[in-house]
Every structure is written in structure tokens, then in C-alpha cells.
Amino acid sequence: GELQLLSTAMAGAVASVMVRGVDPVPNGKLDGGLSGAIRLIDGVRVTTTTMIRDTASHHACDRPVTAKYIGDYAELRGLFMDTWGVCAGPQVLIDEYMAVLVDGAQAPIDVQPDFAARVGELDAGIDYGLYALRNESVVRAYGVLTALLHERMREAAARHPVPAKLRELLEIPIDRKHYPILRVDHPLQETLRLDLDVAAWMFERAGAGLPRGVLRSIDDLKQPDLAPWADNQRKLRELLQVPEELAGLMTELFALDRAVLRALEFEQQKLNDRLRRAPGRPLSSDDVAAYSRRYTPVLHRVLAEGLGIGITTDANSVSLTAGGQTLLLG
């Protein structure tokens, strides 16, 4: 976990030179040393990201992770192989790099200018990586929580009369056939719990050196405050003519959407301030789902298609369009 945190922070430092607000490096003009460094760093980041989710709860403090262990894991899982070739250098150089990074071996060369000089504002760059990891943790948690809501909606649909299309979509299982990069080392419920635990740990560790955000922890997303949504739930049920249980679960989803988007927009503004760049457009649920849809259902799209409605969510409101009527949930 600490290695994944370090590698993400360092990758962020390199990436920051291209996205900072002042004197950004144009695409295609990145310093050759940094270009090489990002490839080295990203190999460790991708491998340790996979490891931490694959082997969660398997290791105690008396089982240290060594350079050889990481290298052997990548080889065993074929993580250096891609559809179009192999994304790695000679094994001897991989071993040499991993020994420096993980085992504290002396670097064989002294490259000048050094990493900090090439990056420029190194502290801001590392913060960029930490903000990115904290946001990734929120998005991963969002994917897990919507997957859990999906299962509850599927069970509710089995108990109540709902449109046939919605029932059909909810019955599509969350498995490797439908979500090719879903981990299948554990049963689905255990996989989701492990992913949520990892997201919570990453959120806490990445945020240790950053200003406090909207969320105190990932736990804030597990039980969103539904009290302000009671009237919205009634309006939702009246507009869509759905069972009360399903309306309640939809209300939970929309409350989660809002909480996640508010947290991400706050983090994004802090990140923009740190890199001295102008803010982009407001985020929507579709932006958040762009990541999690690879391994869990995009629940608001399931509902939109299954109920034949339009759903638009941002940090301030949820807009539902059905039968020529529009309902704004604030």
C-alpha cells in the first residue's frame, strides 16, 4: 500500500509539469528523463495497485514485500504483457530499478539534472499525485457502493412489480463476462468489501499530508444523510409510480451521487489552486462513472434505460425527466 501511494505521488509529480497552470510542458515536449521516469514509476504503480486489491487481508506486518516479490508477482500475472506487446525493459534492468526503489540499493548512475530539478515545483507535483489518489479512492468507493445498491435493487425488483426492462437490466449479473476487469479471486460480496476497505485506507493515507476535504473518511459515503431527502423520495415515487422500496433505494443513490460529486469538486478546486490553473466544467455522475463502469454497473444508467427516463446529476441537484415532466431534486 505504501509503495502504491509513493508511486502514485511520484507519477503525479511527473504528470503535473504538463497540466500545471503556469508554464505547462506541451504534449510531445516532455523531458526525456521524465518520460522514462514515468514509465518506470507507472510499472510499479500498476503492479502494486493490482497487488493491494488482489492480496488484501493476506499479509501481516511480519511478511514484508520485497523487490523480488513484486517482480515475481508481475511476471506471474502477466502484468507486463498487453494486447499489442510487452510493456517492460530487460529483466536485469527491472531488477536493478526495483532494488533501488524497494530494497534501498544504491542507484548505479547519478543523472543530472536530478528529478526535482526536472519537475520544478516538486512539492506541488507530489500533492497533485496525492489529490489524484484521494479522488480515485472516492471514485472506487462509489463504484463499490453503487454495485451494492444494484444488488439491493435487484432483490427489491424480485419482490415488487416493476417495468420488465428494469427487471431485465437488474438481473444482468456482476461477473467477468459482463465486466472483463472485475476481480474474481473472491466471491462478489467479499470482493466489494475488500475494494471498499482498500479505498478507505488509500483515502486516509493519501490525505494525511493534504488539507481536510468535504469527507472525513470513506465512511461518510456509506451512510449518507437521507433526512433532507424525505420529501424528494415522495415526489420521486409520485412521478415514476414505482414501489416505495425502489424509490427509497433510488433516493439513496442520488444522495450518494451528490455526496461524491461535492467531495470531488472540492478536491478538484484545491488541486487547481495548488497547480495554479483555471477550473474546468462542473462534474456529473457520468464523469464519475467513466472509471467505475469498467467493473461495476452504472446504476443511474440502468435506471434511466429501465424506467425510460432521463437522469442528470451534478453537485447541486438531480434532474429527472419522465413523461414530459421534469422533477428537480435539490
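Per-chain numbering applies: the sequence of each chain, read as written, is numbered from 1 onward. Under the rules for a predicted model, residues below a pLDDT of 70 receive no local features and side-chain atom pairs below 80 are neither given nor counted, while totals for whole chains, interfaces and linings still include all residues. Excluded from the side-chain calculation are hydrogens and water; included are all heavy atoms of the structure.

Q: I'd like to hear about the confidence of the model for the protein, residue by residue, with values.
A: Of the residues in the protein, 94% reach a pLDDT of 70 or more, and the chain-wide mean stands at 85. Mean pLDDT values for the elements of the protein range from 62 in strand E2 (residues 85-86) up to 95 in helix H7 (residues 164-170). Scored from 0 to 100, pLDDT records how confident the predictor is in each individual residue. The numbering of helices and of strands both runs from the N terminus, where a helix is a DSSP run of H or I of at least 4 residues and a strand a run of E of at least 2.

Q: So what's going on with the packing of helix H6 (residues 122-159) against helix H13 (residues 299-307)? Which residues, and what values?
A: The axes used here are C-alpha line fits, helices contributing only the stretch in contact, and every angle between their N-to-C directions lies in the interval 0 to 180 degrees. At their nearest, the axes of H6 and H13 sit 9 Å apart, and the two run at 35 degrees to each other. Contact residues: Tyr-142, Thr-146, Leu-149, His-150 and Met-153 in H6; Leu-299, His-300 and Leu-303 in H13. Amino acids outside the nonpolar list (Ala, Val, Leu, Ile, Met, Phe, Trp, Tyr, Cys, Pro) and the charged list (Asp, Glu, Lys, Arg) are all regarded as polar, and Gly is one of them. Tallied by class, the residues present in the contact of H6 with H13 amount to 5 nonpolar, 3 polar and no charged. Should any heavy atoms of two residues lie within 4.5 Å, those residues are considered in contact.

Q: Describe unusual backbone geometry, listing the residues and the values that go with them.
A: Notably, Asp-23 is not glycine yet its phi reads approximately 55 degrees, a positive angle. Along the polypeptide, Asp-23 turns up in the loop between helix H1 (2-19) and helix H2 (32-54). Residue Arg-276 is not a glycine yet carries a positive backbone phi of 55 degrees.

Q: Lay out the nonpolar core with the relevant residues and their values.
A: Buried Ala, Val, Leu, Ile, Met, Phe, Trp, Tyr and Cys residues that are joined via side-chain atoms within 4.5 Å together make up what is termed a nonpolar core. Any residue under 20% of the maximum accessible area for its type is buried, any over 50% is exposed, and the rest in between are partly exposed; the area is computed with a 1.4 Å probe on protein chains only. Counting 32 residues, the largest nonpolar core has Met-153, Leu-166, Leu-240, Met-250, Phe-254, Leu-320 and Leu-329 as the members making the most contacts within it. At the level of elements, H6, H7, helix H10 (230-240), helix H11 (244-275), H13, strand E4 (318-322) and strand E5 (325-329) are the ones that each hand at least two residues to this core. In terms of residue count, H11 provides more of this core than any other element does, 7 residues in total. In contact with Leu-166, other than residues within four places in its own chain, are Leu-246, Val-302, Leu-303, Gly-306 and Leu-307.

Q: Lay out the pairing of strand E3 (residues 310-313) in plain terms, naming residues and giving numbers.
A: Side-chain alternation along E3 places Ile-311 and Thr-313 on a buried face and Gly-310 and Thr-312 on a face that remains uncovered. With 4 bridges joining them, E3 and E4 adopt antiparallel strand pairing. Considered in E4, the bridge of Gly-310 is made with Thr-321. Here E3 folds back onto E4, and the loop between the two strands holds 4 residues. Strand pairing is assigned whenever DSSP identifies at least 2 bridges connecting the two strands.

Q: Would you mind going over the packing of aromatic side chains in detail, with residue names and values included?
A: Aromatic pairing here means that ring centres of Phe, Tyr or Trp (its six-membered ring) are within 6.5 Å. Orientation follows from the plane angle: under 30 degrees is stacked, over 60 is edge-to-face, and everything else is tilted. Counted by the stated rule, this structure contains 0 aromatic pairs. Throughout this description, the term charge over a ring refers to an Arg CZ or Lys NZ atom that lies within 6 Å of the ring centre and within 35 degrees of the ring normal. Directly above the ring of Phe-203 sits Arg-134, whose terminal nitrogen or CZ lies 5.7 Å from the centroid.

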